[in-house]
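Each chain is listed here by its residues.
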Amino acid sequence: MVRALIVVDVQNDFCEGGSLAVAGGAAVAAGVSVRIRTSGYDHVVATRDHHVDPGAHFSDTPDFRESWPPHCRAHTPGASFHPDLDVAGIEAVFDKGVHAAAYSGFEGAEPGGAALRDWLAERGVTAVDVVGIATDHCVRATALDSAAAGFPTTVLLDLCAGVAPGTTEAAIAEMRAAGITVA
């Protein structure tokens with residue numbers, strides 16, 4: 001088995017003090033760093049919101065479902081990975097949402113243009129663990145797309161942070177219904 005870890009959007013704007021902060025984001029960054037150093041994954045990748053002009057995804061009056069306050073603007077400190085995330089073990093970063101809303105890491109590409117699915121397949125990955133921020137949005141979307149792409153997928157909840165209890169529980173139920181292991 002060739003196992004990969006996908007680290008979803010552990011960025012400054014999604015952690016405490018950021019423009020769209022999720023409680024527990026900094027703890028997720030630190031915990032994921034320990035996991036990367038101690039778990040022996042064959043491959044570790046990260047996704048990153050990297051907005052230039054995402055259109056209606058940004059709003060001064062967001063509905064927090066389809067529109068959000070401005071966040072993770074490309075080449076700003078808010079789009080950077082949280083300082084407690086040790087990026088030394090991350091092999092590739094997949095940017096998403098440059099000109100549109102993008103929740104799944106499978107919508108992103110690394111600087112050479114490779115999509116996440118293709119990158120994983122080229123390396124013979126046969127199973128995926130997903131961690132990061134936010135459980136009820138980008139972690140959910142990435143895990144669902146991973147499973148749809150044929151990768152047996154596990155979401156490690158102790159290394160995730162959700163926006164709200166209700167939407168997090170709904171996301172967990174949806175992922176389980178899609179055959180994703182939620183541990």
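See above for the structure.
Worth saying up front: this structure is predicted, and the values here are computed from it rather than measured.

K.L.:
Could you give an account of the pattern of salt bridges, with specific residues and numbers?
P.N.:
Under the counting rule described, the total for this entry stands at nine salt bridges. Arg-35 serves as the salt-bridge partner of Asp-129, at 3.9 Å between the closest nitrogen and oxygen. In this pair, Asp-129 sits in strand β4 (residues 127-133) while Arg-35 sits in helix α1 (residues 25-38), placing the two residues 94 residues apart along the sequence. Taking relative accessible area as the criterion, Asp-129 reaches 3% and is therefore assigned buried. One salt bridge connects Arg-65 with Asp-63, and the closest N-O pair in it is separated by 4.0 Å. Through salt bridges with shared partners, one network takes in Arg-3, Arg-35 and Asp-129.

K.L.:
I'd like a rundown of helix α4 (residues 165-177), residues and numbers included.
P.N.:
The end-to-end C-alpha separation of α4 is 18 Å, in line with the 18 Å expected for 13 residues at 1.5 Å each. Among the residues making up α4, those that are buried are Thr-168, Ala-171, Ile-172 and Met-175. For α4, the buried positions fall inside an angular range of 100 degrees around the axis, keeping them on one side. Every exposed residue of α4 that faces more than 90 degrees away from the buried side is listed here: Gly-166, Glu-169 and Ala-177. Here the buried face of α4 lies against α3 (135-148), β5 (153-161) and β6 (181-182). Of the residues flanking the end of α4, it is Gly-179, one or two places downstream, whose phi is positive at about 90 degrees.

K.L.:
Before we move on, could you go through the side chain of Thr-153 and cite the residues and values that matter?
P.N.:
The topology assignment puts Thr-153 in strand β5. A polar contact of 2.7 Å, which involves the side chain of Thr-153, links it to the side chain of Ser-146. Contact partners of Thr-153, with chain neighbours within four places excluded, come to Val-128, Val-130, Ala-143, Ser-146, Ala-147, Ile-180 and Thr-181.

K.L.:
Describe α3, naming the residues involved and giving the relevant values.
P.N.:
Most of α3 is tucked away: 10 of the 14 residues are buried. Taken as a whole, α3 has its buried residues at Thr-135, Asp-136, His-137, Cys-138, Val-139, Ala-141, Thr-142, Ala-143, Leu-144 and Ser-146. Its buried side turned inward, α3 meets β1 (3-8), β3 (92-96), β4, β5 and α4. A positive backbone phi angle near 95 degrees is found at Gly-150, which sits one or two residues after α3.

Rules behind the numbers
Residues numbered from 1 in each chain as written. Predicted model: local features only at pLDDT ≥ 70, side-chain atom pairs only at ≥ 80, totals over all residues. Heavy atoms only, no water. Salt bridge = Lys/Arg side-chain N within 4 Å of Asp/Glu carboxyl O. Helix = DSSP H or I, 4+ residues; strand = E, 2+ residues; numbered from the N terminus. Buried < 20%, exposed > 50% of the residue type's maximum accessible area, 1.4 Å probe, protein only. Expected span 1.5 Å × (residues − 1). Arc of directions from axis to C-beta. Contact = heavy atoms within 4.5 Å. Polar contact = N/O pair within 3.5 Å; in protein donor to acceptor, adjacent residues only side chain to side chain.

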